[in-house]
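Geometric and topological summary
Each chain, written out:
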Amino acid sequence: MRFRRKSADDAQPETPGPGAGEDTAAATAPAGPHDVSEMPELPEGVQRVDLGSLLITPTSGTELRLQVDEASGDVQAVLLTAPDGALELRAFAAPRHGDLWSEVRPQIASDMAQRGGTATEVDGTWGPELACELTRTLTDGRTGQQRSRIIGINGTRWMLRATLIGGAARDGENRARWDAVIRTVVVRRGEGAMPVGEPLPLSLPEGARRLGPAATTPAVSKPSGNAPGAAQPGDTTPGT
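Residues numbered from 1 in each chain as written. Predicted model: local features only at pLDDT ≥ 70, side-chain atom pairs only at ≥ 80, totals over all residues. Heavy atoms only, no water.

This paragraph deals with the overall build of the protein chain. Scanning the protein chain from terminus to terminus reveals 3 helices and 13 strands. In the protein chain, buried positions account for 47% of the 240 residues. (Helix = DSSP H or I, 4+ residues; strand = E, 2+ residues; numbered from the N terminus. Buried < 20%, exposed > 50% of the residue type's maximum accessible area, 1.4 Å probe, protein only.)

Okay, structure coming up:
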């Protein structure tokens, strides 16, 4: 599924709601991602893609894919790909007033180290992020460094984990464009009780078509771990 709507060009950040300018902290806080209870309206003619726990706004120049577990057929992650990189999105159940991202960051760093990579904590748009590098072996036998930036955002009883892959993980104007995409994401937690860290369920949109065996489009057939700390930044890489 390719997004080509001109009305969503450049994925500009949503305008904060009434009262956002009442104090400095509110005025400087990132305007999104949003909980479904407070998602802003979109321009006329633009509709979000409903994937269950995640609602994705069309962004010009990106292609929407879903990462599907080959054995179960369950959708595990949302991917937005572009020529310069990719963004992987997953949402998890979290405590109402907790900080799940602070709890899982050390787990992600440890997992990356066990795989022979590095994970360095850096300041980002939404607070602490992990800048990761992992040596990958390509299909032609060559090796290269896979860059990724893992971002955790605590919401209303949910945590969104956004992983920027390849060129999208680099700082500068390119990174600002991908940050703007993350701001448009809407999370639907649901009212039911769920264990902390449980992945919020994703579903296929209407009209999804198959690309190949065990893969549904928009989708990628490669499975990966779904725990909050099981980062898999190299699963889908359009380029580094």
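On we go from here.
Time to look at the side chain of Q67. Relative to the helices and strands, Q67 resides in strand β4 (residues 63-68). Engagement of the side chain of Q67 in a polar contact is seen with the side chain of R90, the distance being 3.0 Å. (Polar contact = N/O pair within 3.5 Å; in protein donor to acceptor, adjacent residues only side chain to side chain.)

Taken in spatial order, the 4 strands line up as β1-β11-β3-β2 in an open sheet, and their pairing is mixed. Only two strands of the sheet have a single partner each, and these edge strands are β1 (34-35) and β2 (49-50). Here β1 pairs with strand β11 (residues 186-187) via 2 bridges, running parallel. Each bridged residue has a counterpart across the sheet, and for H34 the counterpart in β11 is V186. (Pairing = 2+ DSSP bridges.)

Here the focus is the pairing of strand β6 (residues 85-93). Among the 9 residues that make up β6, 9 are buried, leaving the element largely enclosed by the rest of the structure. Sheet analysis places strand β5 (residues 75-82) next to β6, joined by 5 bridges and oriented antiparallel. Directly across from L79, in β6, lies its bridge partner E88. In this antiparallel pair of consecutive strands, β5 and β6, the connection spans 2 residues. Looking at chain direction, β6 and strand β10 (residues 158-165) are connected through 8 bridges and run antiparallel.

Moving on, we come to the sheet that holds β10. The antiparallel open sheet is built from 7 strands, whose spatial order is β4-β5-β6-β10-β9-β8-β7. Only two strands of the sheet have a single partner each, and these edge strands are β4 and β7 (118-124). Between one strand axis and the next, the sheet turns by 25 degrees as a mean value, whatever way the strands run. Strand direction decides the pairing type here: β4 and β5, joined by 6 bridges, are antiparallel. Paired with L66 across the bridge in β5 is V78. (Axes fitted to C-alpha atoms, helices over the stretch in contact; angles between N-to-C directions.)

The end-to-end C-alpha distance of helix α2 (residues 100-114) is 22 Å, a good match for the 21 Å that 15 residues give at a rise of 1.5 Å each. All of the buried residues along α2 are L100, W101, V104, R105, I108, D111 and M112. The buried residues of α2 occupy an angular sector of 135 degrees when projected down its axis, which confines them to one face. Exposed residues on α2 whose side chains face more than 90 degrees from its buried face are P106 and Q114. Looking at the buried residues of α2, the elements they touch are β6, β7, β8 (127-137), β9 (143-154) and β10. (Expected span 1.5 Å × (residues − 1). Arc of directions from axis to C-beta. Contact = heavy atoms within 4.5 Å.)

Bringing unusual backbone geometry into the picture now. A cis geometry characterises the amide bond from G32 onward to P33, with omega recorded as 5 degrees. As for its position among the elements, P33 is in the loop between α1 (24-28) and β1. Even without glycine at this site, R157 takes up a positive phi of about 65 degrees. Following the sequence through the fold, R157 ends up in the loop between β9 and β10. Look at R157 and you get buried, because its relative accessible area is 15%.

Here we take up the pattern of salt bridges. This structure, assessed with the given rule, holds 12 salt bridges. Between E88 and R161 there is a salt bridge, and its shortest N-O distance comes to 3.7 Å. Highlighted residues: E88 in strand β6 and R161 in strand β10, separated in sequence by 73 residues. Of the two residues examined, E88 and R161, each falls in the buried class. Across the salt bridge formed by E129 and R175, the nearest N and O atoms sit 2.8 Å from each other. (Salt bridge = Lys/Arg side-chain N within 4 Å of Asp/Glu carboxyl O.)

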